[in-house]
Amino acid sequence: MNNKGLIKLFALLFGLVSIYQLSYTFITAKIESDAEAYAVSTVAADEENYVARREQVEARYLDSVAKNPILGFTSYEDAKKKELNKGLDLKGGINVTLQISVRDILSGLANNTKNPVFNKALADADAASKNSDATYLELFFDAFDEIKGDTKLASPDIFANKGLSDEVNFEMGDEEVKPIIRRKVDEAVISAFEVLRERIDGFGVTQPNIQREGNSGRILVELPGARDIARAQDLLSSTAQLEFWETYEPGNQNLINFFIQANEELKSIVEAPEEAPVQEESEIDSLLSDVAQDSLELASERNPLFEKLQLNGPGYAIGLAAIKDTAEIGAWLRMPRIRRLLPTPVQFTKFMWERPSQGSEVAALYALKSNRDGVPRMSGDVVSDARDQFDQFNRPAVGMDMNVRGAREWQELTNEANLNNTGIAIVLDNRVYTAPGVSQKGGIAGGSSEITGTFTVTETKDVANVLRAGKLPAEAEIIDSFVVGPSLGQEAIDSGFTSFIIAMIFVLLWMIFYYGKAGVFSDIALVFNIVLIFGVLASLGAVLTLPGIAGIVLTIGMSVDANVLIFERIKEELQKGKGMAQAVSDGFDNALSSILDANITTGLTALILLVFGTGPIKGFATTLIIGILTSLFTAIFVTRLLIDAYLSRRGRRLDFATGVTKNLFQNINIDFLAKRKVAYVVSGILILAGLASLFTRGLDQGVDFVGGRNYQIRFVDPVNPAEITGELTDALGSASAKTFGDANQIMVTTKYKVDVQGTEVDEEILGILYNSLQKYLPDGASYQDFIPGGTNEDIGVMKYRKVGPTIADDIKKNAVWAVIGSLAVVFLYILLRFRRWQFSLGAVAAVFHDVLIVLGVFSATSALMPFSMEIDQAFIAAILTVIGYSLNDTVVVFDRIREIIAERGWRAGENTNLALNSTLSRTLNTSLTTLVVLLSIFIFGGETLRGFMFAMIVGVIVGTYSSLFIATPIMFDSLSKKLSAGKK
């Protein structure tokens, strides 16, 4: 090997840099462990709210040592920025994909026009977007072009308005206007991106990630380590739409008459509930009963509205209701049939609920003075600054300063409120935060005001942060969210580390058992390879996920393949009578072609995963690609350096075998091709059985592909999933529960309100789950114990995922393209490499064979297996990895076939069988080590990866079989026909 000195220097520097990069991770882990121990010793477990208090103590400890020098070259604050990033499934937190509403942006640019052509085009674009990959903006342009007639985009009541007068005039044609609108929409999305980034900077998590997804209007946000999930979701989805409305005076008779008439009307609309058993009076009943009904005598008959809403609420509120009933009451009040009952003086009234205080079970309803267009008296664009502060009673509040225009309008509004004896409702994102009256005659001058209410200090910081950052230019809908509780993240680390160690130990021992001293050198290279993988991940700032750990562990199994190929070729050279040094040199040289071909095909499938995958799947692909590159370096160069160094002293010899394995797989002469017809029949039966199952039973598609929500929920004692399914179906209409791992843990899937936007639905479903499952929880378990990131990390929702229908379709399409793309790329590579389409045909046929069998096995066994067999993105990653592995095996065999036939000729299959037999040791060796590694992850790697690993295990077994009995025979049959026809 030439340039040994240079390779030694590079390997040394590469190793030192990797260790240096990983040192930051060890430093932060040590300090955070000390902080956790200090918090545990400071706050006892029997203290009230001890989890939150420990978190506060831990945070203060880390703040106090953040800038202290460590080892003379770093500090905790500096090391935290450079440590190996852990993904949500290892650290807990939230991953959200936000869809910025291009529809809202277009409406805003058109000044909320009532133009029928414009609004019809929007409606058509809404419908088309459900079944199209095109951007919403292009769909709108297409829809507009189809129906526009004489209407132009540059019409005065569309885009040639006052707001766009500097850029659009009514003389422009549509093709001139479209680039301007495209730029304006892009600017709005960029503005939303910047607003969100400012909000996240004020949220206080380390290593947040925010990025745009092309021109789709989607923004991906990751907040690793975020504990307060509800707070994070509010921060991200809040548009910061601050509004100031005037309320009606208390006891407005027009409104009271309206509610009485609405109640009467609802009697014929709302079905009577089944009679419920008598229960003790709850806290809500007690609170609501304190609110007087005055002249309303309603006890003797059924009253749908007044059974849920109590009139004469506190302060300037019109009524009071239990939080669980607010959605239903709101839906009733929005009914056109009910809205028509509003008397003329109050016909444009806007009803809005207050933002209830934390822990409260009731919410007040406000009636706000509005107009035909529903425009507030003042909006938040007049706010020039906002800050968290304390009010005169030392309660947390938000202070605001307004610009000159805002100060003038504020004085006018507060003056009218004083004269009319009305309140001023301060509304943020359609929630009334406070609605005080005004006692100061002439109104409040100066433009300074204060939002008060039942805030915590954290909440005032968030509200001030949101107001300072500004409002989003359009609504941001959470179309995909992935939430993991911190305790589940720690469990994932523990299970991933366990599987990693077990797999590592087995592979190290196996290589020594099979190859003796040469196996020791391979093991040293393998350990060095692992250090390099983690070092590269840390230096690139890549995120380590649980599938990423699976990718690294899989790399352990696959990285020995290169050493096995090299050692087997060296053994062949020794059998030819060559000297040790020459045999080693020729063995490395002859194995190089097969090693490169095998790793390139696997790398190509990993690249496809990287392009089409999202979230954790990208993590898997990233570690797999890094592992392939570092494995090539360590196997080809580091192992060679170690062997050459050992053999450099006289008299030393390596047998590349032990006494047990010396003659293993020697002189084998299996006639594989003679058995190909039997193999075709067996494979045909398996594929037909799989297809029958696929067409009759189908696949258990996860929420990634069909949309919906799933919740991983843990209890103390075992539960019956069938019983829970029935109860949740009654509550949610659509729900299923399956055991997920241990008998005390289930995965609940539901499509309830999957099309509805806003975090209110997430809160509603969590409330329904808590109420429905409360009897399975320990006595005294509260809602805060149940929710993810709550006060009890051992029970409740450990993780949940939401996928909207639109993004589910996108994920499904990307998955299909990923599989097709990987097959096409590999077909072309093999065609270029082997120069015969018959080799490509054999390889791709074997891949199709493997994929169909894996799909068939999943379909046939999904109801029998005690773990999740859902088809999701992780399953697609498994399929693509199976494709890569199968091709890896097939390419090694093909490479040997090409080599032997080039030396000895075709000979009617004799030399093809010789090639298959000569690679059998390598094929079985690699398959065995890979299988044991996969079994290690399957058993010890955690429930989340079990279905993923099962697909891989089936794929490796089938892939090994297909490379011997499907790929090679198909290649042989198609090529022999060509040769027998006299073609070269």
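No experiment lies behind these values; they were computed from the predicted model shown. (Residues numbered from 1 in each chain as written. Predicted model: local features only at pLDDT ≥ 70, side-chain atom pairs only at ≥ 80, totals over all residues. Heavy atoms only, no water.)

K.L.:
Would you mind showing me how to read the overall build of the protein here?
P.N.:
The helix and strand inventory of the protein stands at 31 helices and 23 strands. Out of the 984 residues in the protein, the part that is buried amounts to 54%. A separation of at least 24 residues holds for 73% of the contacts in the protein among residues at least 6 apart in sequence. Only carbon and sulfur atoms are counted for the fraction: they give 56% of the accessible area of the protein, which is about 43800 Å². (Helix = DSSP H or I, 4+ residues; strand = E, 2+ residues; numbered from the N terminus. Buried < 20%, exposed > 50% of the residue type's maximum accessible area, 1.4 Å probe, protein only. Contact = heavy atoms within 4.5 Å. Areas by Shrake-Rupley, 256 points an atom, 1.4 Å probe, with all protein chains shown as cover.)

K.L.:
Please explain the sheet that holds strand β11 (residues 362-368) as it appears in this structure.
P.N.:
The strands making up a sheet associate through hydrogen bonds between their backbones, and the pairing can be parallel or antiparallel. Taken in spatial order, the four strands of this open sheet run β8-β9-β11-β10, and their pairing is antiparallel. A strand with exactly one partner marks an edge of an open sheet, and here the two such strands are β8 (309-311) and β10 (350-353). Ignoring strand direction, the axes of neighbouring strands in this sheet form an average angle of 25°. Summarising the sheet, β10 and β11 pair through four bridges and their orientation is antiparallel. When the bridges of β11 are listed, Met352 appears paired with Tyr366. On top of the sheet, helix α10 (residues 253-267) reaches β8, β10 and β11; it is set at about 80° to β10, its chief contact. Packed onto the sheet, helix α12 (residues 326-334) meets β8, β9 (319-322), β10 and β11 and runs at close to 175° relative to β10. (Pairing = 2+ DSSP bridges. Axes fitted to C-alpha atoms, helices over the stretch in contact; angles between N-to-C directions.)

K.L.:
Sorry if this is basic, but what is going on with the packing of helix α6 (residues 116-129) against helix α7 (residues 136-147) here?
P.N.:
In helix packing, the relevant descriptors are the interaxial angle and the interaxial distance, both defined with respect to the helix axes. It is at 8 Å that the axes of α6 and α7 come closest, and there the two elements cross at 130°. Taken together, the axes of α6 and α7 are oblique relative to one another. The two elements α6 and α7 cross, and the hand of that crossing is right-handed. Together, Val117, Phe118, Lys120, Ala121, Leu122, Asp124, Ala125, Asp126, Ala128 and Ser129 of α6 and Tyr136, Leu139, Phe140, Ala143, Phe144 and Ile147 of α7 make up the contact between the two elements. Here the residues of the contact of α6 with α7 sort into 12 nonpolar, one polar and three charged. (Parallel < 35°, antiparallel > 145°, perpendicular 65-115°, else oblique. Left-handed = near helix turned anticlockwise from the far one by under 90°. Nonpolar A, V, L, I, M, F, W, Y, C, P; charged D, E, K, R; others polar.)

K.L.:
Please explain the pairing of β9 as it appears in this structure.
P.N.:
One face of the sheet, then the other: side chains in a regular strand alternate in exactly this way. Of the two faces of β9, the one carrying Gly319 and Ala321 and the one carrying Leu320 and Ala322 are both buried. For β8 and β9, the ladder comprises three bridges, and the chain directions are antiparallel. Residue pairing for β9: Leu311 is matched across the bridge by Gly319. As paired elements, β9 and β11 share four bridges and run antiparallel to each other. By the bridge assignment, Leu320 is partnered in β11 with Ala364.

K.L.:
Is there a simple way to think about the nonpolar core in this case?
P.N.:
A general trend in soluble globular proteins is that nonpolar side chains are found buried together. If you look at the biggest cluster of nonpolar residues, it comprises 120 residues, and the most contacted ones within it are Phe567, Ile570, Ile643, Phe656, Ile830, Phe875 and Ile883. Beyond its immediate sequence surroundings of up to four residues, Phe656 is in contact with Tyr514, Tyr515, Ala518, Phe567, Ile570, Lys571, Leu574, Met580, Val584 and Ile643. One finds Leu137, Phe144, Phe159 and Ile210 within the second-largest nonpolar core, a separate group that totals 42 residues. (Core = buried A, V, L, I, M, F, W, Y, C linked by side-chain atoms within 4.5 Å.)

K.L.:
Could you clarify how one ought to interpret the sheet that holds strand β16 (residues 431-434) in this entry?
P.N.:
Spatially, four strands are ordered β12-β7-β15-β16 in an open sheet, and the strand pairing comes out antiparallel. The open sheet terminates on both sides in strands that have one partner only, identified here as β12 (378-379) and β16. Relative to β16, strand β15 (residues 424-428) runs antiparallel, the two sharing three bridges. Counted as the bridge partner of Val427 is Val432 from β16.

K.L.:
Whenever I open this one, the pattern of salt bridges confuses me. Can you help?
P.N.:
In a structure, side chains of opposite charge can pair up when their charged atoms sit close to one another. Under the defined criterion, the tally for this structure stands at 34 salt bridges. Here Arg405 and Glu409 are joined by a salt bridge, their closest N and O atoms 3.3 Å apart. On the criterion of helical spacing, the pair formed by Arg405 and Glu409 is a turn pair, its members being four residues apart in helix α14 (residues 404-420). Note on Arg405: relative accessible area 36%, which makes it partly exposed. Glu573 is paired through a salt bridge with Lys576; the nearest N and O atoms lie 3.7 Å apart. Using a relative accessible area of 60% as the deciding quantity, one classes Lys576 as exposed. Beyond isolated ion pairs, a larger network of salt bridges with shared partners links Asp145, Lys148, Asp174, Glu175 and Lys178. (Salt bridge = Lys/Arg side-chain N within 4 Å of Asp/Glu carboxyl O.)

K.L.:
What is the right way to read the pairing of strand β14 (residues 396-402) from this model?
P.N.:
Within β14, six of the seven residues are buried, which leaves it mostly tucked inside the rest of the structure. Sheet topology note: the strand β13 (residues 383-390)/β14 ladder contains seven bridges and is antiparallel. By the bridge assignment, Asp385 is partnered in β14 with Asp401. From the end of β13 to the start of β14, which pair antiparallel, there are five residues, and Asn394 there has a positive phi angle of about 65°.

K.L.:
Would you take a moment to explain the confidence of the model for the protein for this structure?
P.N.:
The predicted coordinates of low-pLDDT regions are not to be read in fine detail. With 82% of its residues at a pLDDT of at least 70, the protein reaches an overall mean of 78. Note on residues 274-300: pLDDT under 50 across the span, and 28 contacts to partners over four residues away in sequence or across chains. (pLDDT = per-residue confidence, 0-100.)

K.L.:
Explanation requested: the packing of aromatic side chains in the structure shown.
P.N.:
A ring pair, where both rings are aromatic, is described by two values, the distance of the centres and the angle of the planes. Inspection of the entire model under this criterion finds 28 aromatic pairs. Their ring planes at 40° and their centres at 6.1 Å tell us that Phe140 and Phe144 sit as a pair that is tilted. On the criterion of helical spacing, the pair formed by Phe140 and Phe144 is a turn pair, its members being four residues apart in helix α7. Positioned over the ring face of Phe588 is Arg640, at 4.9 Å from the centre of the ring. (Phe/Tyr/Trp six-rings, centres within 6.5 Å; stacked < 30°, edge-to-face > 60°. Lys NZ or Arg CZ within 6 Å of the ring centre and 35° of its normal.)

K.L.:
When you look at unusual backbone geometry in this model, what are you seeing that I'm missing?
P.N.:
Most peptide bonds adopt trans geometry, and most residues besides glycine take a negative phi value. The backbone of Leu71 shows a phi angle near 55°, a positive value even though the residue is not glycine. Along the chain, Leu71 falls in the loop between β1 (69-70) and β2 (74-75). The class for Leu71 is exposed, based on a relative accessible area of 72%.

K.L.:
Explain the environment of Gly548 here, please?
P.N.:
Residue placement: Gly548 occurs in helix α18 (residues 546-575). Sequence separation between Gly548 and Leu624 is 76 residues, and the spatial gap between their C-alpha atoms is 7.8 Å.

K.L.:
Help me out: how do you make sense of a nonpolar patch on the surface in this one?
P.N.:
Among the surface-exposed residues, Leu6, Leu9, Leu12, Leu13 and Leu16 lie close enough to one another that they form a single nonpolar patch of about 500 Å² accessible area. Assignment of secondary structure puts Leu6 in helix α1 (residues 4-42). (Patch = residues over 30% accessible without salt bridge, like charges linked within 9 Å, V, L, I, M, F, W, Y side chains within 5 Å.)

K.L.:
Explain the side chain of Asn529 here, please?
P.N.:
Tracing the backbone shows Asn529 in helix α17 (residues 517-540). In this structure the side chain of Asn529 is engaged in a polar contact, spanning 2.6 Å, whose partner is the side chain of Thr630. If sequence neighbours within four positions are ignored, Asn529 has contacts with Thr555, Ser559, Gly627, Thr630, Ser631 and Thr634. (Polar contact = N/O pair within 3.5 Å; in protein donor to acceptor, adjacent residues only side chain to side chain.)

K.L.:
Would you mind showing me how to read the environment of Glu568 here?
P.N.:
Along the polypeptide, Glu568 turns up in helix α18. The class for Glu568 is buried, based on a relative accessible area of 9%. In sequence terms Glu568 and Thr919 are 351 residues apart; their C-alpha atoms lie 8.4 Å from each other. Once residues within four sequence positions are removed from consideration, Glu568 is found in contact with Tyr514, Tyr515, Ser921 and Arg922. Here the side chain of Glu568 touches Tyr515 through a polar contact of 2.8 Å, side chain to side chain.

K.L.:
Would you mind showing me how to read the packing of helix α21 (residues 676-696) against helix α27 (residues 837-861) here?
P.N.:
Close contact between α21 and α27 brings their axes to 8 Å; oriented N to C, the two are set at 50°. One element, α21, and the other, α27, form an angle in the oblique class. Here α21 runs over α27; the crossing is left-handed. Residues Ser683, Leu686, Ile687, Gly690, Leu691, Ser693 and Leu694 of α21 form the contact with α27, whose own contacting residues are His849, Leu852, Ile853, Leu855, Gly856, Ser859 and Ala860. Grouping the amino acids of the contact of α21 with α27 by side-chain chemistry returns eight nonpolar, six polar and no charged.

K.L.:
Looking at this structure, how should I read α7?
P.N.:
Spacing of three or four residues puts side chains on the same side of an α-helix, whose turn is 3.6 residues. End to end, α7 covers 17 Å across 12 residues, agreeing with the expected 16 Å (1.5 Å per residue, within 8%). Turning to α7, its buried residues number three or more, namely Tyr136, Leu137, Leu139, Phe140, Phe141, Ala143 and Phe144. (Expected span 1.5 Å × (residues − 1).)

K.L.:
Quick question: what am I supposed to make of the environment of Val102 here?
P.N.:
Turning to its location among the elements, Val102 is positioned in helix α5 (residues 102-109). Along the primary structure Val102 and Phe140 are separated by 38 residues, whereas in three dimensions their C-alpha atoms are 9.8 Å apart. Other than its neighbours up to four places away in sequence, Val102 contacts Tyr136, Leu137 and Val185.

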